[in-house]
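# Structural characterization, general
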Amino acid sequence: MRQIKLFRICFIIAFFSGFILTPYSCARKEPLSKDEKMAWWREAKFGLFIHWGVYSIPAGIWKGKEYEIVGEWIMASADIPREEYEKLPPQFNPIKYDPAEWVRIAKDAGMKYIVITSKHHDGFSMFDTKANNYNIVNATPYGKDVLKALSQECKKAGIKFCVYYSILDWHHPSQESDRTKKRNVDKYSYNLMKEGRKEEYVKYMKLQLRELIAGYEPAVMWFDGDWSDWWTMEDGKEILNFLWRLKPDLIINDRAAHDEEKGTFLGDYGSPEQHVPKGGLDYDWETCMTMNDTWGFKKNDHNWKTTQVLVHNLVDIASKGGNFLLNVGPTSEGLIPEPSVDRLHAIGKWLRVNGEAIYGTRNWRTYKEGPNDLITDYYDKDKDREVNFTAQDIRFTTRDNILYASCLAWPDKEVIIKSLGTKSMPEAKIADVTMLGSDEKLEWTLTEEGLKIIPPKTKPCEHAFVFKIIFY
Ligand code: FHN
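Residues numbered from 1 in each chain as written. Predicted model: local features only at pLDDT ≥ 70, side-chain atom pairs only at ≥ 80, totals over all residues. Heavy atoms only, no water.

## Re the sheet that holds strand β15 (residues 394-399)
Whenever strands of a sheet pair, they do so through backbone hydrogen bonds, lying parallel or antiparallel. Spatial strand order, β14-β15-β16-β21-β18: five strands in an open sheet with antiparallel pairing. The sheet terminates laterally at β14 (368-369) and β18 (430-435), the two strands that pair on one side only. Pairing of β15 with strand β16 (residues 402-407) involves six bridges; the strand directions are antiparallel. Each residue of the ladder has a partner; that of I394, found in β16, is C407. Those strands touched by helix α11 (residues 307-319) are β15 and β16, and its axis lies near 55° from that of β15. (Pairing = 2+ DSSP bridges. Helix = DSSP H or I, 4+ residues; strand = E, 2+ residues; numbered from the N terminus. Contact = heavy atoms within 4.5 Å. Axes fitted to C-alpha atoms, helices over the stretch in contact; angles between N-to-C directions.)

## With respect to the site of the ligand
Neighbouring the ligand are 15 residues; H51, E72, H121, D224 and E273 lie closest to it. A distance of 2.7 Å is found between an oxygen atom of the ligand and a side-chain nitrogen or oxygen belonging to H51. At 2.6 Å, a side-chain N or O of D224 approaches a nitrogen atom of the ligand. Across the shell around the ligand, the residue classes break down as eight nonpolar, three polar and four charged. (Near = heavy atom within 4 Å. Polar contact = N/O pair within 3.5 Å; in protein donor to acceptor, adjacent residues only side chain to side chain. Nonpolar A, V, L, I, M, F, W, Y, C, P; charged D, E, K, R; others polar.)

## As for the environment of L168
Within the secondary structure layout, L168 lies in the loop between β5 (160-166) and β6 (175-177). Taking the relative accessible area as the measure of exposure, L168 reaches 1% and is therefore buried. Sequence separation between L168 and D224 is 56 residues, and the spatial gap between their C-alpha atoms is 8.0 Å. Among residues more than four places away in sequence, those in contact with L168 are K119, H120, H121, Q175, N191, Y201, D224, G225, W227, S228 and W230. (Buried < 20%, exposed > 50% of the residue type's maximum accessible area, 1.4 Å probe, protein only.)

## Comments concerning the side chain of K368
Among the structural elements, K368 can be located in strand β14. Assessed through its relative accessible area of 17%, K368 is described here as buried. Within polar-contact distance, the side chain of K368 engages the backbone oxygen of N372 at 3.4 Å. Here the side chain of K368 touches D373 through a polar contact of 3.3 Å, side chain to side chain. Excluding residues that lie within four positions of it along the chain, K368 makes contacts with D373, I394, R395 and F396.

## Topic: the sheet that holds strand β1 (residues 46-50)
In spatial order, the strands read β9-β8-β5-β4-β1-β13-β12; together these seven strands make up an open sheet with parallel pairing. Each edge of the sheet is formed by a strand with only one pairing partner; in this case those strands are β9 (251-252) and β12 (286-289). Alignment of strand β8 (residues 220-224) against β9, held across two bridges, turns out to be parallel. Its bridge partner being in β9, M221 is matched across the sheet by I252. Against the sheet, helix α12 (residues 338-354) touches β1 and β13 (323-328), its axis set at about 155° to β13.

Just distances and angles here, no functional claims.
Written out as structure tokens, the structure is:
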């Protein structure tokens, strides 16, 4: 009798001291707030986009003809009938695919999440779906689930695994591509939903989305391809709610339900593509960008952005409060192209010195000083992307009582940060000024005109140079 009494007393103490997780305490009373859900994503700042599919076999060339458009659009741009395109999966055998190496490359680059195409517009699934046999396990000699392997390596490495999913589907029997009907962008083909087939296709989509949530636990669902007339905002809203019932903390981008005319969207963040919004956006956003001019691999696309241009994009995006999703298009053998790997390594090297000015920061009262802006309309292949920045071209990020001022060129003489002048910011009480990566003591004075800093003699890195300004 005494033991039972003693047990009861211990249980009550343990329960109220929280040592015992009860359904009540471990099942949250209320769902995650948006800020709680987005916290890791806002900290992360930099992710890897991977466009990988059977389109990496033609790699931009079909029956000897080179196609201008991005590699993953070859089925539409070369008007390839389904039966013809279906001859590609039996040739797909990425024996050099090494998911651990891909994750190592991403981690070395300083990336915190990976978004990979689970199914692009061509309808071919790069994961083990039961929805049909048109997938990497059932339709290729490779026969293994590349997404499963990557998700496992991401988990081991502490990198968030995320998936891209295309709403439109050029292979599914419910749809047909109608090239006579152009979208507002003339090079994009148009896909139509056959009469009475939409319900069947939405069911198919939901089966695959359920498989992706249950089997791969993605942190982000990156939708794309919602521009066909047969897909409405209502459809998008329904699919978002369907997913949030399955995974309440799932982050979803804007592309399942966005109204281009009104500029409105449902989902957790905006996804400007191939450009950086001029002054940033007043909601969560992520610029997605290619390193050359294609998302999916093209053997003859060598128009690579320099590491300097990529680092400047990363700094500019962070100064405006956004995330940077930088793309690679692996080959049909399963290799990330060498020029991409080199650039990712160089960006990682820069971040190992300057990462504290990017990760977990937010935009300051102004994002920039200086005369120049990035040239980031990357759809124009011929436009020169290099900008002759000066040391007075500065981008700001901040966290707590620290301001980071990133000069987009080496300051070989005194730098003046005008935004900190005693006239423009009388309340600024500066305790210390250093340069990230340098242990040289810096001379600085705060004047009406601005914070004047004599830079260190030795460069601590390349591409962009960060003053760390600590306020009292
Ligand atoms: O049509 C796709 C394209 O192939 C690629 O996936 C990009 C990536 O953001 N999204 C669409 C074009 O906006």
